[in-house]
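Listed here are the chains, written in short residue letters.
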Amino acid sequence: MNDLLKEYKVIPVVVLNNEEDAKYKLSSLVQGELLVAEITFRTDYALEGIKYAIKNYPQLLIGAGTVINLKQCKDAIESGCKFIVSPGFSREIALFCNERNVQYIPGCVTPTEIMEALSLNINLIKFFPANIYGGLKAINSLGAVFKDTKFVPTGGIDENNLKEYLLNKYVKAVGGSWILKGDIVENCRFIKETIESIS
Ligand code: 3PG
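Residues numbered from 1 in each chain as written. Predicted model: local features only at pLDDT ≥ 70, side-chain atom pairs only at ≥ 80, totals over all residues. Heavy atoms only, no water.

Considering the overall build of the chain
Applied cut-off: Here a helix means four or more residues in a row that DSSP labels H or I, a strand means two or more in a row labelled E, and each is numbered from the N terminus. When we talk radius of gyration, it's over C-alpha atoms, and the globule rule is simply 2.2 Å times the number of residues to the 0.38. Between buried and exposed lies partly exposed: a residue is buried under 20% and exposed over 50% of the maximum accessible area for its type, with that area taken using a 1.4 Å probe on protein chains only. Here a residue-residue contact requires only that any non-hydrogen atoms of the pair lie within 4.5 Å. What sets the accessible areas is the Shrake-Rupley method with a 1.4 Å probe; for residues, cover comes only from the shown protein chains. The charge count treats Lys and Arg as positive and Asp and Glu as negative. His and the chain ends do not count. Where a charge lies is defined by one atom per residue type: Lys uses NZ, Arg uses CZ, Asp uses CG and Glu uses CD.
When its secondary structure is counted, the chain shows eight helices and eight strands. A compact globule built from 199 residues should have a C-alpha radius of gyration of about 16 Å, and the chain, at 16 Å, falls within 12% of that. Within the span of the chain, comprising 199 residues, buried residues form 53% of the whole. Long-range pairs, those at least 24 residues apart, make up 58% of the contacts in the chain between residues at least 6 apart in sequence. Summed over all atoms, the accessible surface of the chain reaches about 9600 Å², with 50% contributed by carbon and sulfur. Where the 22 positive side-chain charges of the chain centre and where its 23 negative ones centre are 4 Å apart.

In structure tokens form, the structure reads like this:
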């Protein structure tokens, strides 16, 4: 499957509470030229927010995050989400995404979970919560064993450690909710500068 996310080094984890909130956050990402959003199923408004985002922000690559059951996955894909992210690994979600040719990024923190993902041809793994499960030390150990696997660490990543994570050879991209806190456009600018400084 094509890696849709290949050009994105930072994936904003976006919590949407209502239409006004969605408008503000998504417009800010567009203004900051960070054109990807993982909209999480953490609020009652999530699915509506996904639909709103897909309809009104065609310039953004929209995926669903915190997808913890098959229903959410189906709803997200039917609404037009281009990728699905889970905090853990779900075989049924993985199979459904494979069938629909939608990229699935499951959360795995153990070798066993990574092997399960690999058995379904998934080699881009969310590593969550990165700060609790050993951060870069753990990623280095896992990356050395699983040669073709790349990680998207999230959890505890912010402007203070972004560069360090992005510099790691096993890290494909990082995710985080900090981008949507404070001045979003300024955060996007900081991210852009950080990426430019290491490429
Ligand atoms: C996620 O869902 O990926 C995490 O909650 C993001 O972690 P953060 O809030 O520490 O960035």
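Notes on the pairing of strand β7 (residues 150–153)
Two faces make up the sheet, and in a regular strand the side chains alternate between them. Note the threshold: The rule for pairing is simple: two strands pair if DSSP sees at least two bridges between them.
Two elements, strand β6 (residues 124–127) and β7, share four bridges in a ladder whose sense is parallel. Looking at β7, one finds that Ile125 is bridged to Phe151.

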